[in-house]
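A closer look at the structure
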Amino acid sequence: MSVASVAESAPRRAYPALWLISTDHKRIGIMYVATTLVYFGIAGVLALLIRTQLAAPGNTFLSAQAFNEAFTLHGTAMIFLFVAPFGLGIANFLIPLQIGAPDMAFPRTNAFSFWLFLFGGLTIFFGLATNQGGADAGWTAYAPLSDLAVSGGLGQDLWAMGLIMIGISSILTALNFMTTVFIYRAPGMTMWRLPIFTWEMVATSLLILMAFPSLTAVLAMLLVDRRFGGHFFDAHAGGSAVLYQHLFWFFGHPEVYVMILPFFGVISEIVPVFSRKPIFGYTGLVLAAFAIAGLSMGVWAHHMFTTGAVVNPFFSALSFLIAVPTGIKFFNWIGTMWKGSISFETPMLFAIGFMLNFLIGGVTGVMVASPPVDFQARGSYFLVAHFHYVLGGGSLFAIFAALYFWWPKMFGVRLDETLGRLSFWTLFIGFNITFFPMVLLGILGMPRRVYTYPDLPGWGDLNAIATGGAWLMAVGVALFVANIVVTARRGVPAGDDPWGGYSLEWATTSPPPEFNFTSLPPIRSERPTFDMHHPA
Amino acid sequence: MTVALRLFVSSMAFGLVIGTAYWFCSHDATGTVLLCLMAAGLGFAAGFMQFAEREAALPGDEKNALPGDGAGAEIGVFTVRSAWPPWLAATIAAFLIGLLISPIIAIAAACAIVAVCWQLVRESR
């Protein structure tokens, strides 16, 4: 193996302060994951506040302003501070391990990206501490809802500035990932031997590089409009609110895939291991990832069907097309499980939960890709159900699958299996009790983004059920937290390869040493650790 | 052509095709410019890989390479720790927040950014 020139080779000590100045990709990855989980906790509390307010018609638990702030910050935190950066965090931990590299290509830049992400998130929430309150224009901050006249507080500016920081951080991380994968692969680790997770992160990085500059641009323009007398989005002064939507969704739709492609990778790593088979259709899975990434760049205006300002057939056709590579992935996962010796440990349970929930999210997505259906469902709870099935039922379950699967590699101990299974079933049942009623509420015509609603037939009951489900999900998350505490107190060492894993990270110690490997096995396929343990 | 280069070239071609198709379907300047800029960015990356880095021979691209084949070759400098990345992030955050709430904070933060960047350069020498 090539040797790394070590700038500073002092032995690793256990001082917590050293984590703060670490440039080791594993520590940065773990700090990313921990930070995103804290933000997830905050977003979850906001979700419970929202659902408690909506539990009954005419409820006054939250004021309209507080509700607006809660759902704006809930959406922002879930998307920008939890799901997307969790993918970047787990990739930070895994990519160098999976390709046999000693670290990321640019370790200091990597640390800088993490800290900028952390400060960006804090900046967003800092708005709550101002006397004008937090951001309240929704996670999309559509103009003119986000202009000074409607949303005049400093919180909205801090929201935009925080997201600019997160955007820059994400772009730097994506550059780091791509450089690392292209340049620092171990001898024999050709591109077509990369683990599927690493491939998915290459596709995700490409998406970030293509889409995130548009977010930075639109937020800078918004701030110019709000603070420096600009009129980019002011229709009265010759600007265009539709321009905001174009720029925002040119980022926003690919962002959906930034939040899902890493987790397609997670599932593609877990399913073969617990099916005791190689992945079915490796090449197809890789090509499907890039097909999804490419097509996702051309469908932004399906979020704008009802504006009357876009060519609906163009965007509808491309949106339908995305179902094909996504279907290929499902086919390959099922093909992998087919006639496999499947075992149902907690990571596999969450992986299967991901597939079931994401299927509902995907099918409802195909429905709203049709403009006539979208005109009917626009602005209703049907859409809330759809994207929560994609990002909550999909990404969230894959996040838990990833945590249970790679926890032993991160910390050397396995999370408790009984608590894990209990947490899975509580979350799975709770999730569907929360969000399936929203499909029905959407069909009944209940609009989203309202802080209260009249007592119309069915609305109150379905909302009460959804709120009950949300609290059940909170119990599921609490069980996960309890699992961490129990494991930290009396977890037993898991060994280097507790699951019989296939990719290179399972060939090193748990947790891995500084610079990752003391020796590497020969790499002759996409399953080097399996090959090492089962020589032909 | 390496896999990475093929990836950028095919993504650029896709951007050009879809940008052209979009223009003829919609005559919308905003979307067309966005798609063409995307293709241009990918083309720049592809061009860099083709012309600037074409001499690079990577052991990771060799199918039959063994772990020992790259032994002894220096592949980079990997720092274990550095205090400056968190400071750089903090000062940039202070600068951006300062733009919103106080020019004095922004100016002070800008000076701090320069100082931290200088420290990073010194450290990396």
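Residues numbered from 1 in each chain as written. Chains lettered and ligands numbered in written order. Predicted model: local features only at pLDDT ≥ 70, side-chain atom pairs only at ≥ 80, totals over all residues. Heavy atoms only, no water.

Quick word on the overall build of chain A
What counts, and what does not: Only DSSP runs of H or I covering at least 4 residues are called helices, and only runs of E covering at least 2 are called strands; the numbering of each starts at the N terminus. Exposure categories follow from relative accessible area, calculated using a 1.4 Å probe and restricted to protein chains: below 20% of the type maximum is buried, above 50% is exposed, and the middle band is partly exposed. Should any heavy atoms of two residues lie within 4.5 Å, those residues are considered in contact. Residue burial considers only the protein chains on display, and all accessible areas are found by Shrake-Rupley using a 1.4 Å probe.
Along the backbone of chain A there are 16 helices and 1 strand. Taken along the three principal axes of its C-alpha coordinates, chain A extends 70 × 50 × 50 Å. Expressed as a percentage of the 536 residues in chain A, the buried residues total 63%. Taking as baseline every contact in chain A between residues at least 6 positions apart, the subset at least 24 positions apart corresponds to 82%. For chain A, the accessible area works out to roughly 17,800 Å², and carbon and sulfur atoms hold 70% of it.

Structural notes on the interface of chain A and chain B
It is common to report an interface's size as the accessible area lost on association of the parts. To be explicit about the condition: As a working definition, buried area equals the accessible area (1.4 Å probe) given up by two parts on being put together, with both sides summed. Put simply, a salt bridge is a Lys or Arg side-chain nitrogen that is within 4 Å of an Asp or Glu carboxyl oxygen. Polar contact criterion, stated in full: a pair of N or O atoms within 3.5 Å, where within protein one must be able to donate a hydrogen and the other to accept it, and residues adjacent in sequence count only if both atoms are side-chain atoms.
Listed by partner, the interface residues are 74 residues for chain A and 59 residues for chain B. At the boundary of chain A with chain B, total buried surface from both sides reaches about 5,600 Å², with 73% on carbon and sulfur atoms. When the buried area of chain A at its contact with chain B is split by residue, Arg108(A), Pro187(A) and Phe314(A) rank highest and sum to 11% of it. Scanning the region where chain A abuts chain B turns up 2 salt bridges. For Arg108(A), the salt bridge identified is with Glu123(B), shortest N-O distance 2.8 Å. Counting every contact that joins chain A to chain B gives 15 residue pairs in polar contact (both at pLDDT 80 or more). Listing elements by their share of the side of chain A that touches chain B, those giving two or more residues are β1 (3-6), α1 (16-20), α4 (107-126), α5 (154-183), α6 (196-227), α7 (241-258), α9 (282-296) and α10 (312-337) of chain A.

Thoughts on the nonpolar core
Counted only if it meets this: Buried residues of nine kinds, namely Ala, Val, Leu, Ile, Met, Phe, Trp, Tyr and Cys, make up a nonpolar core once their side-chain atoms join them within 4.5 Å.
Within the largest apolar cluster, 211 residues are counted, with the highest numbers of intra-cluster contacts made by Leu81(A), Phe182(A), Tyr244(A), Trp300(A), Trp333(A), Phe354(A) and Phe400(A). Those residues within four positions of Phe354(A) in sequence are excluded, and the remaining contacts are Ile260(A), Phe263(A), Phe264(A), Ile267(A), Trp333(A), Gly393(A), Gly394(A), Ser395(A), Phe397(A) and Ala398(A).

Observations regarding empty space enclosed by the protein
Residues and elements named next belong to chain A. Counted only if it meets this: Only protein atoms enter the 1 Å grid used here. Points where a 1.4 Å probe fits but cannot escape make up a cavity, open sets with protein on both sides within 12 Å along at least five of seven lines make up a pocket, and a residue lines them when an atom lies within 4 Å of a point. Grid points are joined across faces, edges and corners, and a volume is the space filled by probe spheres set on the points. Throughout this entry, Asp, Glu, Lys and Arg are counted as charged residues, while Ala, Val, Leu, Ile, Met, Phe, Trp, Tyr, Cys and Pro are counted as nonpolar. The remaining residues, Gly among them, count as polar.
Inspection of every chain in the model, using the stated rule, returns 4 cavities of 30 Å³ or more. Computed from the structure, the largest cavity encloses a volume of approximately 150 Å³. The wall of the largest cavity is formed by 14 residues, among which Ser268, Glu269, Tyr502, Glu526 and Arg527 lie closest to the centre. When residues of the lining of the largest cavity are assigned to their parent elements, the largest contribution, 4 residues, is made by helix α8 (residues 261-275). In terms of residue class, the lining of the largest cavity is made up of 9 nonpolar, 2 polar and 3 charged.

Some thoughts on the domain arrangement of chain A
All names here are of chain A. Cut-off, in case you're wondering: Segmentation into domains, and thus their bounds, comes from an automatic or database assignment.
Each domain of chain A was delimited in the assignment, giving domain 1 (298-492) and domain 2 (495-536). If you average the C-alpha positions of domain 1 and of domain 2, the two centres end up 32 Å apart. With 11 residues of domain 1 at the contact, the number on the domain 2 side is 11 residues. Carbon and sulfur atoms supply 65% of the area buried between domain 1 and domain 2, which totals about 860 Å² over both sides. It is Phe405, Lys409 and Arg414 that lose the most area in domain 1 upon contact with domain 2, and together they represent 60% of the buried surface on that side. There are 0 salt bridges connecting domain 1 and domain 2. Along the contact surface separating domain 1 from domain 2 lie 7 residue pairs in polar contact (both at pLDDT 80 or more).

Some words on the packing of aromatic side chains
All names here are of chain A. The condition is simple: For Phe, Tyr and Trp, rings pair up if their centres lie within 6.5 Å, where Trp contributes its six-membered ring, and each pair is then called stacked (planes under 30 degrees apart), edge-to-face (over 60) or tilted (otherwise).
Tallying each qualifying case throughout the model produces 62 aromatic pairs over all chains. With a centroid separation of 6.3 Å and an interplanar angle of 35°, the aromatic rings of Trp115 and Phe119 are classed as tilted. Here Trp115 and its partner Phe119 are both found in helix α4, 4 residues apart, which amounts to about one turn of the helix. In this structure Trp115 comes out as buried when scored by relative accessible area, which is 10%.

Things to note about the domain arrangement of chain B
Here the domain parsing of chain B yields domain 1 (3-60) and domain 2 (84-124). Measuring from the centre of the C-alpha atoms in domain 1 of chain B to the corresponding centre in domain 2 of chain B gives 34 Å.

Notes on unusual backbone geometry
All names here are of chain A. In this structure, the amide linkage connecting Ala143 to the following residue, Pro144, adopts the cis form with an omega of 5°. Tracing the backbone through its elements, the reader meets Pro144 in the loop between α4 and α5. Following Ser510, the chain continues to Pro511 via a peptide bond in cis, the omega torsion being -10°. On the secondary structure map, Pro511 appears in the loop between α15 (459-490) and α16 (528-533). Positive phi, normally seen in glycine, also occurs at Arg276, with a value near 55°. Tracing the backbone shows Arg276 in the loop between α8 and α9. Look at Arg449: it is not a glycine, yet its phi comes out positive at around 60°. Within the element layout of this structure, Arg449 appears in the loop between α14 (417-444) and α15.

A few points about the layout of surface pockets
For the second largest pocket, the calculated volume is near 1,100 Å³. What lines the second largest pocket is a set of 39 residues, among which Phe182(A), Phe8(B), Ala45(B), Phe48(B) and Met49(B) lie closest to the centre. At the level of secondary structure, the elements contributing two or more residues to the lining of the second largest pocket comprise α5, α6 and α7 of chain A together with α1 (3-26) and α2 (29-52) of chain B. Here the element with the most residues in the lining of the second largest pocket is α2(B); it accounts for 10 residues.

Some remarks on the side chain of Thr426(A)
Residue and element names in this part refer to chain A. Residue placement: Thr426 occurs in helix α14. We classify Thr426 as buried; its relative accessible area is 13%. Here Thr426 is in contact with Leu472, Val475, Gly476 and Leu479, once residues within four sequence places are set aside.

Remarks on the packing of α6(A) against α7(A)
All names here are of chain A. Under the convention used in this document: Simply put, an axis is a line fit to the C-alpha atoms, just over the touching stretch for a helix, and the angle between two N-to-C directions goes from 0 to 180 degrees. Each angle is binned into one of four classes, with values under 35 degrees roughly parallel, values over 145 roughly antiparallel, values of 65 to 115 roughly perpendicular, and all other values oblique. Left-handed describes a crossing whose near helix is turned anticlockwise from the far helix by less than a right angle; the clockwise case is right-handed.
The contact between α6 and α7 brings their axes to 8 Å, and the two run at 150°. Our classification of the angle between α6 and α7 gives roughly antiparallel. As for how α6 packs across α7, the hand of that crossing is left-handed. The residues of α7 that touch α6, namely those facing Thr204, Leu207, Ile208, Met210, Ala211, Phe212, Ser214, Leu215, Val218, Met221 and Leu222, are Leu243, Tyr244, Leu247, Phe248, Phe250, Phe251, Pro254, Glu255, Tyr257 and Val258.

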